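Observations on chain architecture
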Amino acid sequence: MIESVKGMRDILPQEEGYWDLLEATVKNIAISFGFSRIRTPILEKTDLFVRSVGKQTDIVQKEMYSLKTEGGDALTLRPEMTAPVMRAYIENGMKAQIQPVKLYYIEPCFRHERPQQLRYRQFYQIGFEEIGLGGSAVDTELILIAHYFLSKIGLDNYEFQVNTLGDENCREGYVLLLSEYLKSNRRSLCEVCNNRVTKRPLSAFDCKEEKCQRITRMAPKIIDSLCEPCRTDFKEVLELLDEVQVPYALNPFVVRGLEYYSRTVYEIWTSRDGELDSQVSLGGGGRYDGLAELMGGEHTPGSGFALGVERMEEALKEKGIKINKHSSGVVFLAQLGFQAKKRAMRLLSELLLEGVRVRSSFARNSLSSQLRVADKLEAEYAIIIGEKELYDRSIILRDMKTGNQETLEMKDLVPELKNRLNIL
Ligand code: HAM
């Protein structure tokens, strides 16, 4: 039997309620904050990611699904959305619109990572990007949107880990300093970090090996190497964050796995039993004022974040938030005897026309087996029609939670159900 591709999963009907919640929340927030949806192609030119995400990053070095067309084009299944969105902004002349242009997306991305819990090879991102006008207030607005989004869906066990990466004036000096420090501790670092020392020293902060963490915790911090404008900018971001009361912590070790960032960066970590989980972040983002230039465009400030849909779904489940949209307000129609079945068929169409969510199992004849199905479907009520009810023009309404049964006149059923189930 042919199975699905490793690291890729089916999103099953029982998950739909969570996805609907996330999509509806994004759409509401987008309307409130004035963002419009953008959809970009799943395939992009490989060079787009090599130049923006960065040649030395894990994503470009190991994780891209790339292919060559017969015509010789090198293409890649997008591993993230920020570079494609910036490309679309430039290519479609969005510079002519009121700035910043505010865009959001709900899209699948692809990374050939080692499959682990909540690390998939196809996963969905919900993201917000503001392009064309930058600054500390834009960064803070975006962090606020992410916070607002997560609270709206019902999460509260997360914290923003905020850092700055400086800009082209001060970062280089810091990276050199860090590289020298790491070189002087080379013997205590793992093999991977030894390779990182000159190529991409910042990524040593992401190493999970304890011996490397012991060294990186003592490393020089970027905050002490910032140029004056970057220092002021970061101070403003933090002051604004205090103002809007977002749960955040300063974390000098958050450097992000993509190279296009400058100044503010952040990750959103969840906490379990009071412990923050740095391994599977709910989301991440930051400012990318230099991204357009990396892609060969002109200077275009930008800032944004993306949240992992599968990870939010899991966080909702872990919190015990149950969403089964198919069971809420469901009524089960049960019948006993052929004449009752005929009447039930007619009632079914009447109820559907009135907007009642009706389920039935006309293929089953015994009442107990039909009620078992009603139970499985988590129906709120069962309507029971037998020969006697047919004769009396009545029905039995059974509350599936309590088991209480009452007899109603057939003509009162629809208004009564609509009232109880809040159907307009
Ligand atoms: P990222 O941190 O690489 O940032 O990904 C953002 C989020 O996508 C992660 O925090 C995580 O929730 C989810 N994610 C990433 N990889 C996987 C995976 N293999 N399986 C499941 N979920 C995953 C970016 O992609 C940036 N483009 C974010 C951004 C937007 N920066 C500025 N604007």
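Just above sits the structure.
Residues numbered from 1 in each chain as written. Predicted model: local features only at pLDDT ≥ 70, side-chain atom pairs only at ≥ 80, totals over all residues. Heavy atoms only, no water.

1. A word on the site of the ligand
Operational definition: Whether a residue is near a molecule or strand is decided by its heavy atoms; if any one of them lies within 4 Å of it, the residue is near. Per-residue accessibility takes into account occlusion by the displayed protein chains alone, with areas from the Shrake-Rupley method and a 1.4 Å probe. In this text, helices come from DSSP runs of H or I with a minimum length of four residues, and strands from runs of E with a minimum of two, each type numbered from the N-terminal end. All amino acids are sorted into three groups, where Ala, Val, Leu, Ile, Met, Phe, Trp, Tyr, Cys and Pro are nonpolar, Asp, Glu, Lys and Arg are charged, and the leftover types, Gly among them, are polar.
As a matter of local geometry, the ligand sits amid 27 residues, with Glu-80, Thr-82, Glu-113, Tyr-120 and Tyr-261 nearest to it. Burial of the ligand by the protein amounts to 96% of the accessible area it has alone, namely 650 Å². Going through the elements one at a time, β6 (122-131), β11 (283-287) and β12 (302-308) are the ones with two or more residues in the shell around the ligand. When the residues that make up the shell around the ligand are grouped by side-chain class, the tally is eleven nonpolar, nine polar and seven charged.

2. Structural notes on empty space enclosed by the protein
The cut-off we apply is this: The rule is simple: put a 1 Å grid over the protein atoms alone, call a set of points where a 1.4 Å probe fits but cannot get out a cavity, call an open set with protein on both sides within 12 Å along at least five of seven lines a pocket, and count a residue as lining if it has an atom within 4 Å of a point. Grid points are joined across faces, edges and corners, and a volume is the space filled by probe spheres set on the points.
In the structure shown here, the tally under the stated rule is one cavity of 30 Å³ or more. Contributions of two or more residues to the lining of the largest cavity are made by β9 (264-272) and α11 (309-318). Among the elements that take part in the lining of the largest cavity, α11 stands out by supplying three residues, more than any other. Considering only residue class, the lining of the largest cavity consists of four nonpolar, one polar and three charged.

3. Thoughts on the packing of aromatic side chains
Where two aromatic rings form a pair, the distance of their centres and the angle of their planes describe that pair. Rules: When the centres of two rings from Phe, Tyr and Trp lie within 6.5 Å, Trp using its six-membered ring, the rings pair. Their planes under 30 degrees apart give stacked, over 60 give edge-to-face, and anything left gives tilted. With a 1.4 Å probe rolled over the protein chains alone, any residue whose accessible area is under 20% of its type maximum counts as buried; one over 50% counts as exposed, and the rest are partly exposed.
Tallied over the full model, the rule gives ten aromatic pairs. Between Tyr-104 and Phe-128, the aromatic rings sit 5.8 Å apart at their centres with planes inclined by 25 degrees, giving stacked as the arrangement. On the criterion of sequence distance, the pair formed by Tyr-104 in strand β5 (residues 101-110) and Phe-128 in strand β6 is long-range, its members being 24 residues apart. A residue is classified by how much of its surface remains accessible, and Phe-128, at 0% relative accessible area, is buried. Judged by centre distance (5.4 Å) and plane angle (20 degrees), the ring pair of Phe-128 and Phe-305 falls under stacked. Placement of the pair is Phe-128 in strand β6 and Phe-305 in strand β12, with a sequence separation of 177 residues. Classification of Phe-305 by relative accessible area gives buried; the value is 2%. Aromatic ring contacts, followed pair by pair, group Phe-35, Tyr-104, Phe-128 and Phe-305 into a single cluster.

4. Some remarks on α11
Spelled out, the test is: Throughout, a contact is declared for two residues whenever any of their heavy atoms are within 4.5 Å.
Across the ten residues that make up α11, a large majority, seven, are buried. Every buried residue belonging to α11 is among Val-309, Glu-310, Arg-311, Met-312, Glu-313, Ala-315 and Leu-316, and all of these are buried. In this structure, the buried side of α11 is in contact with α1 (16-33), β6, α5 (136-153) and β12. Backbone geometry just after α11 places Gly-320 at a positive phi near 80 degrees.

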